[in-house]
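Examining the three-dimensional arrangement
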Amino acid sequence: MNEPGQSIRLSDWLDSRSPRPPAALSERLAQIVGDTVCGENDLTATLIDEAGKILAIIGDDRSAATDLLAADALITYAMESAAETGDDLESVAAAAASRIAAVKVE
């Protein structure tokens, strides 16, 4: 992968995950993150931010199921990223929960 501190495209990082998510979810994740680039050290926070953006605009009917699943996947990937970098998962999870709880729904 990249050297520590380098920039990384979220879509490239998501494509590197194994096992791959189902095609429909993978496509939705690609749409959500688009061309977003972040510092490798900011990957966890950026994934959580992307999940928050989706949760802010999510509907409350059955059509929102894919977006809800995508937000969940982004948060799960954020925890995976944190685990890979040796971050304190308890602190990362607590911070993620606070950030998600603070999302203002449109």
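Starting afresh in each chain, residues are numbered from 1 along the sequence in its written order. The predicted origin of the model limits local features to residues at a pLDDT of at least 70 and limits the giving and counting of side-chain atom pairs to 80 or more, whereas totals for whole chains, interfaces and linings rest on all residues. Side-chain figures throughout are based on the complete set of non-hydrogen atoms in the structure, without hydrogens or water.

1. Examining the packing of aromatic side chains
Each pair of aromatic rings is reported with the distance of its centres and the angle of its planes. Centre distance within 6.5 Å is the pairing criterion for rings of Phe, Tyr and Trp, where only the six-membered ring of Trp is used; planes under 30 degrees apart are then read as stacked, over 60 as edge-to-face, and the remainder as tilted. For the structure on display, the rule yields one aromatic pair. Seen in terms of ring centroids, tryptophan 13 and tyrosine 77 are 6.0 Å apart; in terms of plane orientation they differ by 90 degrees. Their pairing is edge-to-face. Here tyrosine 77 lies in helix H4 (residues 65–85) and tryptophan 13 lies in helix H1 (residues 10–15), a separation of 64 residues in the sequence. Both residues of the pair, tryptophan 13 and tyrosine 77, count as buried. Two conditions define a charge sitting above a ring: the NZ of Lys or the CZ of Arg must be within 6 Å of the ring centre, and it must be within 35 degrees of the ring normal. Lying over the aromatic face of tryptophan 13, arginine 17 brings its terminal NZ or CZ to 3.9 Å of the ring centre. Helix and strand assignments follow DSSP, with helices taken as H or I runs no shorter than four residues and strands as E runs no shorter than two, numbered in order from the N terminus. Note on exposure labels: buried denotes an accessible area under 20% of the residue type's maximum, exposed denotes more than 50%, and partly exposed covers the range between, all computed with a 1.4 Å probe on protein chains only.

2. What to know about the side chain of serine 26
Along the chain, serine 26 turns up in helix H2 (residues 23–33). A residue is classified by how much of its surface remains accessible, and serine 26, at 15% relative accessible area, is buried. Contact between two residues is taken to exist if any of their heavy atoms lie within 4.5 Å; hydrogens are not considered. Residue contacts for serine 26: discarding those within four places in its chain leaves Arg20 and Pro21.

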